[in-house]
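# Understanding the architecture of this molecule
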Amino acid sequence: MRWPRDTIADRAQVRSPPAGDPLHSPTLLILMTILMGLMSLVMAAVWRINRLVPGLAWWILAHGLGFLACFELLTRGRLPDALSVAVAQGLLLGMGYFIYVGARRHVGEPHPPHWIGALMIAAVTSVAVFFTTVRPDFSARFLVHSLSLGVLFVLTAQAVAKGGPRQYPARYMLAAASLLHGLFMLGRPWLFSFDLHGPMTLARMTSISPFILLESAVAFNVMAFCVLLLVAEYSHGELRRLVDRDELTGVHSRRAFLHRLQQLSEGGAERPALPILLIDLDHFKRINDTWGHSAGDDALRHFVAVAQRCMRVQDTMGRLGGEEFAVLLPRTSAEQAQGVAERLRKLLVDHPLRLTGENVSLTASIGVTLLRSGESPEVALGRADQAMYQAKSEGRNRVVSVLAPVVPEVRAA
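This structure is a prediction, so every number in the text was calculated from the model and none was measured. (Residues numbered from 1 in each chain as written. Predicted model: local features only at pLDDT ≥ 70, side-chain atom pairs only at ≥ 80, totals over all residues. Heavy atoms only, no water.)

This next bit is on the environment of Asp244. Its location among the elements puts Asp244 in helix H8 (residues 202-244). The exposure class of Asp244 is buried, given its relative accessible area of 18%. Taking C-alpha positions, Asp244 is 9.6 Å from Gly318, a pair spaced 74 residues apart along the chain. In contact with Asp244, not counting residues within four places along its chain, are Val251, His252, Ser253, Arg255 and Ala256. A distance of 3.0 Å separates polar atoms of two side chains, one belonging to Asp244 and the other to Arg255. (Helix = DSSP H or I, 4+ residues; strand = E, 2+ residues; numbered from the N terminus. Buried < 20%, exposed > 50% of the residue type's maximum accessible area, 1.4 Å probe, protein only. Contact = heavy atoms within 4.5 Å. Polar contact = N/O pair within 3.5 Å; in protein donor to acceptor, adjacent residues only side chain to side chain.)

Next up, the structure:
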């Protein structure tokens, strides 16, 4: 192993580690190299099965660079000192940068331009080479390396912690692992160089390097395990979306809509009445018969796009089947629900569908009702259906409200 410009005492201490040391640096480095290589292969195999997981390719590249960096450290001494330091620094910084990019890609955030990352890696590597050849200072090199990698891992934690821990637990596990490793990297120049008798020397670094290697081995393999959990979490989410979303229009499927309705119907007597809109497109069969089923699909997508202009984030829209849709409007009064229905009806009239070069008018019949406390969702949906069919029988393209059960009149004898 070659180290630049060390004292004879330092070199002697480097070559003669304490006998029987359970945290022998070369052993830990060999183990870390094997684990990094295995995790890279496992992630690559997972990627071949499911290439749609965002960020996974970047994480594979990151762990591949980590494996190469460990291998370079194992063979340290075969290259000139400056080149060896530059290769190791570039590989480790590239690993940190790719983990950060993968985190941002996974949560759907844009990553910074790669030229910024390349510039950062080149700058830090140049500083490391400077403190190796021009002005040898191991402490300064250790400080710059630790701070740059620490910042990258803290940024990774901040980037991936999105969506809430209950919905995306694997994201927050990766964020926790990245944050802890980043904080360790930021603090280790002070943790391991605080010495009243002088600055950290290479011999001191060698004596504490097993602890740094052990922390890195644990951190990187925990992160790799979290990445595999993210793959499972993403795949499960995609399966749920296939079940819960209507494939054609992207709104809730019938099953998911009824499940949401059941959830909102719970809460007992203190629950406020829940407005329900039941919507049926008028003369939809004419579109299919005249322009074909693909035009019918376009009409359904067009209706959803128009309807969503009236929806809030907390509202739920579902396709119950064919050209029939329903909307839940929580925390909305009956008057406000009727206003939403009327606005939707007018928007649809004002925005015709463009088919084969001509405008095709779409209209809808809308029934409005309230799901009252203590009432079953099936009863409320039946009343909304009654209101919707009343709108059709009265001429279509209108809104009819049946807000409460109709009580038949009892005639006096």
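That was the structure; now back to the text.
Counting buried residues in strand S1 (residues 274-281) gives eight out of eight residues, a clear majority hidden from the surface. Neither face of S1 is exposed, since Leu274, Ile276, Leu278 and Asp280 on one face and Pro275, Leu277, Ile279 and Leu281 on the opposite face are all buried. Summarising the sheet, S1 and strand S3 (residues 324-328) pair through five bridges and their orientation is antiparallel. By the bridge assignment, Ile279 is partnered in S3 with Phe325. (Pairing = 2+ DSSP bridges.)

Any two side chains of opposite charge can pair, on the condition that their charged atoms come close. Under the criterion given, the structure shown has 10 salt bridges. Note that Asp282 is salt-bridged to Lys392, the shortest N-O span being 2.9 Å. Here the residue Asp282 occupies a position in the loop between S1 and helix H10 (284-291), and Lys392 occupies one in helix H13 (residues 377-393), the gap between them amounting to 110 residues. What makes Asp282 buried here is its relative accessible area of 3%. A salt bridge links Glu375 to Arg383; the shortest N-O distance between them is 2.7 Å. On the basis of relative accessible area, Glu375 is assigned to the buried category, the value being 15%. Connected through salt bridges with shared partners, the residues Asp280, Asp282 and Lys392 form a single ionic network. (Salt bridge = Lys/Arg side-chain N within 4 Å of Asp/Glu carboxyl O.)

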